[in-house]
Each structure stands twice: as C-alpha cells, then as structure tokens.
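# Breakdown of the fold
These are the residues of each chain, in order.
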Amino acid sequence: MINKERLKIIRRTIRYYLIRLLIGSIRLLPIKKIPKLKLLLIKAIKAFGRKEINKAYELLPKEFDNRKDEIIHGMIENVALNICEILFYEKLIKANPDFCKFENWEIIENIKKEGKTPLLLVGHFCDWEVFGYELVKAGLDLTVIARPNNFQKMTEYINSLRENHKLHVVMHNNILEAIKLLHNGKPVAILSDLNAREWGYQVDFFGRNASFYSAPVIISIRSKMPLIPIFPERQPNGNLVFKVKKPIVWEKGESMRDRVQKYAKVYEEEYRKHPEFWFWFHDRYSYAEMGKVR
C-alpha cells in the first residue's frame, strides 16, 4: 500500500516531467502562436486550478467586492501571459526591442554613484521572472533571494531557467549572504510578499492581519544599503514597463514591526493599482497570529 505522502511525490514527479515535455514542445513554436497559446493556458488554469481560483475569490479584499470576477479573470490571464513571456522571451525581445523598458532608472544609477549597492524589493507581481532577466540585461550582476517550491525538482528547474539568464539564486543563509553580496557591490533582489507565518511580523495588509518577513529590513539596515521597490507593469499594448520607486526611508526610533509595516504598505499601494497582476491564491493570511508583534 502506497501512503499518501509517497503518492503525492509520485504525482508531483509525473506532473514535473509532463511540464518539462510540454515546455520543450511549446518553445519550438513561433511567437505568432502566443495568442492561441494564451487562450489554451487560460482554459487549462480554469480547468485544473479551480481550488486556487476559489481561494483567490476568498482572499480578495472587500474593497474589490464589485470587481471580483474582473480581477480574477485578469489574474488568470496574467498567469497565462507570464508563462508565454518566459517561454518566448528571446523571441519576443528579438521581434520587439521595446518589449521591456525601465522607468526612473536614474534612481538606481544615482544610488550607485553614491557608492552604494541597490537592494531591490520586488514581488510576485505581473511578470517578475522576465523582470529579473531584464535587470541583468540592464547591467546588474543580480542575486535573487528565493523560497523553494514544494517539489525539489521543480525548484531546481525554475532556478536553472534563472541561471541561464545569468541570475544568481540564494535560498539558504540568505540574510548573511545578501549582506555579504551587497558589501561586495553585488545587487540583491528579494521577493517578500509571501506568508511569513511564525518567522515574520504581524502587520496590516488590505485591512487584515498578515505576517511579513523582516529580512528586507534587516538586510537593508545591517548592510546600510537602500531598499528600492521596483514593480513591473504590463501596458495595454502588451509591453512591460519596470517602474523604479524611491528608496524606503527608515526613521530613527522605528520598531522592527513599524519598518515591516512600511514596506508591506508599499506592496499594498502598488497591488491596489493593478490587483489583477498579483497572485491572490497565495495563502497570505493563514497563521498570521503566529507572527511577532514587537
């Protein structure tokens, strides 16, 4: 008799190899097939991701009650487009050199002129994977702090895609490693919008208690490097614009919880502008009470 855990591993392994096979086939297609592929992916997400979609409906804040269907449809479309953009990235850039652009890049340049190294606050928002590729192309020898997938083979595969685009990935001892990298002039990006549970601090996020990691604050304070939010935004014509924001300012006397709340509020403000670009099925609020309060 196969136990449940063993069965789960077998299913994930089969799914992993099927995904690898599918990806290899899709990459051979010309970019003119993207619209049809997007529609197929949307249908597949709706068919096989019903549990996640229902969770997204539950987690959407009350302020979006009159737009829930529109936002969820936009979220599903965004997931499908992300997959297409990752798989066809090189072809898209070749066909359209303006496909990706930065806004306010001078903020990064000014930080570097001051002799400091950028610590970038990014999120699971719009197309964050292509965003990483473009940051490397823009001249940043970038390391990304990432959290493992729940299946090791999938984690390794996703990281191999990143490394193929010269993105370095750190998953363990990430705070100490990030500080060391920043001191050595190597920029670091951190995605800190996932549920931190007992490892985080309880703060307000869209009117509900949520647990956020303190890592962005600790790395920024200890390295004495600025925390700079950057958010990708897909334009009506399909192009991507990566918007660099002013560094988050830490005030003297602020508690760690205050500082975590400050960066969480930056996420909230950006996600409110385009809620369809965020993955609302993330289990954002569960066990928030386990987070620290001071």
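Refer to the structure above for everything that follows.
Summarised in this report is the structure supplied together with it. (Residues numbered from 1 in each chain as written. Predicted model: local features only at pLDDT ≥ 70, side-chain atom pairs only at ≥ 80, totals over all residues. Heavy atoms only, no water.)

## A look at the sheet that holds strand 3 (residues 143-145)
Put simply, the test is: We treat two strands as partners when DSSP finds at least two bridges between them. Each helix is a run of H or I in the DSSP string that is no shorter than four residues. Each strand is a run of E no shorter than two, and both are numbered from the N terminus. Inter-axis angles, ranging from 0 to 180 degrees, are taken between N-to-C directions of lines fitted to C-alpha atoms, where helices are fitted over the stretch in contact. In this analysis, two residues are considered to be in contact whenever any of their non-hydrogen atoms come within 4.5 Å of each other.
Across the sheet, 7 strands lie side by side as 1-9-8-2-5-3-4; this open sheet has mixed pairing. In the strand order of this sheet, the two ends are held by strand 1 (100-103) and strand 4 (168-170), each with one partner. This sheet shows a mean twist of 25 degrees between the axes of neighbouring strands, independent of strand direction. On top of the sheet, helix 6 (residues 106-113) reaches strand 2 (119-122), strand 8 (227-234) and strand 9 (240-244); it is set at about 160 degrees to strand 8, its chief contact.

## Concerning the pattern of salt bridges
Note the following rule: Between Lys or Arg on one side and Asp or Glu on the other, a salt bridge is scored when a side-chain nitrogen of the former is within 4 Å of a carboxyl oxygen of the latter. Only protein chains enter the calculation, and the probe is 1.4 Å; a residue is then buried if its accessible area is under 20% of its type maximum, exposed if over 50%, and partly exposed in between.
For the structure on display, the rule yields 19 salt bridges. Its salt-bridge partner being Asp141, residue Lys186 comes within 2.8 Å of it at the nearest N-O pair. One end of the pair, Lys186, is in the loop between helix 9 (174-183) and strand 5 (188-191); the other, Asp141, is in the loop between helix 7 (128-137) and strand 3, and 45 residues separate them in sequence. Looking at Lys186, the relative accessible area reads 32%, which means it is partly exposed. Close ionic contact of Glu254 with Lys262 constitutes a salt bridge, the shortest N to O distance being 2.5 Å. The class for Lys262 is partly exposed, based on a relative accessible area of 24%. Members of the salt-bridge network, linked through shared partners, are Glu63, Asp204, Lys265, Glu268 and Arg272.

## As for the packing of helix 2 (residues 34-48) against helix 3 (residues 50-59)
Each pair of packed helices gets described by two things: the angle between the helix axes and the distance between those axes. Put simply, the rule is: Here the angle decides the label: under 35 degrees means roughly parallel, over 145 means roughly antiparallel, 65 to 115 means roughly perpendicular, and every other value means oblique. In the scheme used here, Gly and all other residues not listed as nonpolar or charged are polar, with Ala, Val, Leu, Ile, Met, Phe, Trp, Tyr, Cys and Pro taken as nonpolar and Asp, Glu, Lys and Arg as charged.
Interaxial distance between helix 2 and helix 3 falls to 5 Å at its minimum, and their mutual angle equals 85 degrees. Between helix 2 and helix 3, the crossing angle belongs to the class labelled roughly perpendicular. Here Ile45, Lys46 and Phe48 of helix 2 lie close against helix 3, whose contacting residues are Arg50, Glu52 and Ile53. Residue classes in the contact of helix 2 with helix 3 are distributed as 3 nonpolar, no polar and 3 charged.

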